[in-house]
Amino acid sequence: MHTVDVALRERSYPIHVGPGVLSQAGTLLAPLLPRPRVLVVSNPTVAAHWLEALCASFAASGIDALPLLVPDGEAHKTLATLSDLLTRFLEHGADRTTSVVALGGGVVGDVAGFAAAIYQRGVPL
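To start, this report covers the structure provided alongside it. (Residues numbered from 1 in each chain as written. Predicted model: local features only at pLDDT ≥ 70, side-chain atom pairs only at ≥ 80, totals over all residues. Heavy atoms only, no water.)

## Some points on the overall build of the chain
In step 1: What the chain contains, in helices and strands, is four helices and five strands.
In step 2: Here the C-alpha radius of gyration of the chain, 14 Å, is about what a compact globule of 125 residues would show, namely 14 Å.
In step 3: If you line up the chain on its principal axes, its C-alpha atoms span 40 × 30 × 30 Å.
In step 4: Relative to its full complement of 125 residues, the chain shows a buried share of 33%.
In step 5: Pairs at least 24 apart in sequence give 72% of the contacts found in the chain among residues at least 6 apart.
In step 6: Distance between charge centres in the chain, computed from 8 positive and 10 negative side chains, equals 9 Å. (Helix = DSSP H or I, 4+ residues; strand = E, 2+ residues; numbered from the N terminus. Rg over C-alpha atoms; globule rule 2.2 N^0.38 Å. Buried < 20%, exposed > 50% of the residue type's maximum accessible area, 1.4 Å probe, protein only. Contact = heavy atoms within 4.5 Å. Lys, Arg positive; Asp, Glu negative; His and termini not counted. Charge placed at Lys NZ, Arg CZ, Asp CG, Glu CD.)

Quick look at the structure:
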């Protein structure tokens, strides 16, 4: 694994890249979480390949991970998709100590990030 530090003064953060980094996600994220509970937003395409490994890593680190899938593709970057995701946050009792993890890019990252920003005036992403 290689770590690249993004230097943004008080908003600096590391980016970890390399083979097997997904299996270390729980260890890397556990110290950063306000509570060991995450909602993992993904789509069926990405989830089929990577969700099991990510959730196993979280479980090994004592993090409760709940997968939430959104439809794949730009056509689903809609208020309906966002509304459905926010409804599932509520149904699963998410609060300001529940973190959101986006597994995937594009629509997944955009919708997960926006949902995290507006849910209860913002939750960790």
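## Observations regarding the packing of aromatic side chains
In step 1: If you walk through the whole model with that rule in mind, you get one aromatic pair.
In step 2: Relative to Y119, the ring of F89 has its centre 5.2 Å away and its plane inclined at 85°; by these criteria the two rings are edge-to-face. With a gap of 30 residues between them, F89 in helix α3 (residues 79-91) and Y119 in the segment after α4 (107-118) connect regions that are remote in the sequence. For the residue pair F89 and Y119, the accessibility class agrees, reading buried in each case. (Phe/Tyr/Trp six-rings, centres within 6.5 Å; stacked < 30°, edge-to-face > 60°.)

## Focus: the sheet that holds strand β5 (residues 99-102)
In step 1: Taken together, the three strands give an open sheet; going across it, the order is β4-β3-β5, and neighbouring strands pair in parallel fashion. The open sheet has two free edges, formed respectively by β4 (64-69) and β5, since each of these has just one partner strand. The mean angle between the axes of side-by-side strands here comes to 25°, regardless of whether they run parallel or antiparallel.
In step 2: The pairing of strand β3 (residues 37-42) with β5 spans four bridges and is classified as parallel. Note on β5: the bridge partner recorded for V40 is V101.
In step 3: Each of β3 and β5 touches α4; the most contacted strand, β5, lies at about 170° to it. (Pairing = 2+ DSSP bridges. Axes fitted to C-alpha atoms, helices over the stretch in contact; angles between N-to-C directions.)

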